[in-house]
Amino acid sequence: MKDMDGAEGLIATMGQAARAAAVELATATAERKHAALIGAAEQIRTRIPEILDANALDMQFGREKGLSDAMLDRLRLDADRLRGIEDGLRAVAEQADPVGEVIQEWDRPNGLHIQQVRTPIGVIGVIYESRPNVTADAGALALKSGNAVILRGGSESLHSSQAIHACMVEGLRQAGLPKAAIQLVPTRDRAAVSAMLQAQGLIDVIIPRGGKGLVGLVQQQARVPVFAHLEGICHIYVDAAADPEKARRVVLNAKTRRTGICGAAECLLIDKATDPALRADLIADLVAAGVQVHADGELAELAGTTPATAEDFGREFLDMVIAARLVDGVEGAIGHIRQFGSQHTESILTEDDAAAARFFAGLDSAILMRNASTQFADGGEFGMGAEIGIATGKMHARGPVGATQLTSFKYLVTGDGTIRA
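(A) Fine view of the sheet that holds strand β2 (residues 113–120). Read from one edge to the other, the open sheet built from 3 strands follows the order β1-β2-β16, with strand pairing classed as antiparallel. The open sheet has two edge strands with one neighbour each: β1 (102–107) and β16 (407–414). On average, each strand axis in the sheet is inclined to that of its neighbour by 20°, with strand direction left out of account. Summarising the sheet, β1 and β2 pair through 5 bridges and their orientation is antiparallel. For W106, the partnering residue across the bridge sits in β2 and is I114.

So this is what it looks like as structure tokens:
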């Protein structure tokens, strides 16, 4: 109980500081927020050796902890990835400021003029595993949208997150904004997660970014609203009308570019009416790339495959493994995805407009694609500069959560001595 009391006290202190900072951020000018983000980007660039040294400590900790290769890949930083973080900060800085944007406005016959205007949510709590880049992404997007944020990174990424957080705080200092606008929980104590989930009145929304275990825990225990997706069980469907060259290129990329991200394809569906040669090529490409193909039905007869089990469908592998089966056209694909999907991202590969339209209409995943790799399920690729995560719920935010999705709205009503009869 003592540890929980300590964690609760820590989060209460951080939450109160965040609420005070949020009041100031709500009216901070776009120029000051821009300056803070550019300042943070400059700090990332000048502190690359320092951040890489911190990351080396985390990588050693992760190996000792027995993290999988996919999790270690999420944790690893190098000069290119740090340049990506810097570029992401600059991209968010250059976006239009969403705060104060008039979403819509209209006049009423009674003389009232009504505006619906974007406003910050307040204080955001972000709980994440492994990926130290989330420290920069979440901090930047929260700041851009006028929100204060409390970050609780994974225990394995503590040193890296602290080094990146220091850059963010220096950006805030240079811009004259409160350092409590972006706070990082300074402990590996798991009790801090529980304390954040119970922090009603201090934290307005929780965003978990991690595996099924973390997200499930957050959704079960949170006393505050949650933006989240439980799993990224992404499907790619090759229609009979697919262009063979496009299909081979996209399927291979969707699975193998980075297997540890939530947008990686986990299940390949192929129309029974496709050319058998294309089916064989698709599977052979994956096998040649080192992917374990857990194949069902006729596909299991192809060289290099392993017979699929019932557990392979509806599973997030996050590794060089994919489930594969034949389906009866676009309706078969829709039926399979509705049964086994997680409403994250699905892609159809086809040159048939009617098939694509039916796929888009028949599914309700947060992201639906045509002739494109599921690896594009990313806020940066959507032009958001960065993302805090992908939301698969149907309330408020859906799909990539960027700065605009981190705002709510209020109504501004103007009259001229107007009274209601």
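Still more to cover.
(B) Geometry of helix α10 (residues 244–256). Helix length check: α10 (13 residues) gives 18 Å between terminal C-alpha atoms against 18 Å at 1.5 Å per residue, within 8%. Restricting attention to buried positions, one finds in α10 the residues A247, V250, V251, A254 and K255. Each buried residue of α10 lies within a common arc of 120° when the element is viewed along its axis, so the set occupies one face. Tucked inside the fold, the buried residues of α10 contact β7 (234–238), β8 (265–271), α11 (276–288), β11 (321–327) and β12 (345–349). Among the residues of α10, the N-terminal cap falls to D243, whose side-chain oxygen and the backbone nitrogen of E245 are separated by 3.1 Å.

(C) Local environment of the environment of T119. Looking at the element boundaries, T119 is found in strand β2. Along the primary structure T119 and S145 are separated by 26 residues, whereas in three dimensions their C-alpha atoms are 8.0 Å apart.

(D) Representation of the environment of E311. On the secondary structure map, E311 appears in the loop between β10 (306–307) and β11. A relative accessible area of 57% means that E311 is categorised as exposed. Sequence spacing of E311 and A323 is 12 residues, and the spatial spacing of their C-alpha atoms is 9.7 Å.

(E) Representation of the pattern of salt bridges. Within the structure shown, the criterion is met by 26 salt bridges. Note that E42 is salt-bridged to R90, the shortest N-O span being 2.9 Å. In this pair, E42 sits in helix α2 (residues 30–46) while R90 sits in helix α5 (residues 79–94), placing the two residues 48 residues apart along the sequence. Since its relative accessible area comes to 27%, E42 is described here as partly exposed.

(F) Fine view of the pairing of strand β4 (residues 148–152). Judged by how many residues are buried, β4 sits mostly within the fold: 5 of 5 residues are covered. Across the two faces of β4 the burial is the same, with A148, I150 and R152 and V149 and L151 all buried. In the sheet, strand β3 (residues 123–128) pairs with β4 via 5 bridges, with the strands oriented parallel. Counted as the bridge partner of V123 is A148 from β4. Pairing geometry for β4 and strand β5 (residues 182–184), over 3 bridges, is parallel. Within β5, the position partnered with V149 by the bridge is I182. Handedness of the crossover joining β4 and β5 through helix α7 (residues 158–175) is recorded here as right-handed.

(G) Focus on the sheet that holds β8. An order of β10-β9-β11-β8-β7-β12-β13 is seen for the 7 strands of this open sheet, with the pairing classed as parallel. If you trace the sheet from one side to the other, it starts and ends with β10 and β13 (367–370), each paired once. Pairing analysis gives 2 bridges linking strand β9 (residues 292–295) to β10, with the strands arranged parallel. Bridging from a neighbouring strand, A295 pairs with P307 of β10. Where α10 meets the sheet, it contacts β7, β8, β11 and β12, and its direction lies at approximately 170° from that of β7. Contacting β7, β8, β9 and β11, α11 runs over the sheet at an angle of about 160° to β8.

(H) The arrangement of the packing of aromatic side chains in detail. Scanning the model with the defined rule gives 4 aromatic pairs in all. Between Y237 and F359 the ring centres are 6.3 Å apart and the planes differ by 15°, which places this aromatic pair in the stacked class. Here Y237, found in strand β7, pairs with F359, found in helix α13 (residues 353–362); they are 122 residues apart in sequence, far enough to count as distant. Judged by relative accessible area, F359 falls into the buried class, the value being 0%. Arranged with centres 6.1 Å apart and planes meeting at 50°, the rings of F313 and F340 form a pair that is tilted.

(I) Summary view of a nonpolar patch on the surface. Residues I103, F409, Y411 and V413 make up a contiguous nonpolar surface patch of roughly 370 Å² in combined accessible area. Ranked by the residues each element gives to the nonpolar patch, the list is headed by β16, at 3 residues. Looking at where I103 falls in the secondary structure, it is placed in strand β1. Assessed through its relative accessible area of 33%, I103 is described here as partly exposed.

Thresholds, definitions, all that
- Residues numbered from 1 in each chain as written.
- Predicted model: local features only at pLDDT ≥ 70, side-chain atom pairs only at ≥ 80, totals over all residues.
- Heavy atoms only, no water.
- Pairing = 2+ DSSP bridges.
- Helix = DSSP H or I, 4+ residues; strand = E, 2+ residues; numbered from the N terminus.
- Axes fitted to C-alpha atoms, helices over the stretch in contact; angles between N-to-C directions.
- Expected span 1.5 Å × (residues − 1).
- Buried < 20%, exposed > 50% of the residue type's maximum accessible area, 1.4 Å probe, protein only.
- Arc of directions from axis to C-beta.
- Contact = heavy atoms within 4.5 Å.
- Polar contact = N/O pair within 3.5 Å; in protein donor to acceptor, adjacent residues only side chain to side chain.
- Salt bridge = Lys/Arg side-chain N within 4 Å of Asp/Glu carboxyl O.
- Right-handed = clockwise from strand over helix to strand, strands pointing away.
- Phe/Tyr/Trp six-rings, centres within 6.5 Å; stacked < 30°, edge-to-face > 60°.
- Patch = residues over 30% accessible without salt bridge, like charges linked within 9 Å, V, L, I, M, F, W, Y side chains within 5 Å.
- Areas by Shrake-Rupley, 256 points an atom, 1.4 Å probe, with all protein chains shown as cover.

The quantities given are spatial measurements derived from coordinates; they are silent on function.
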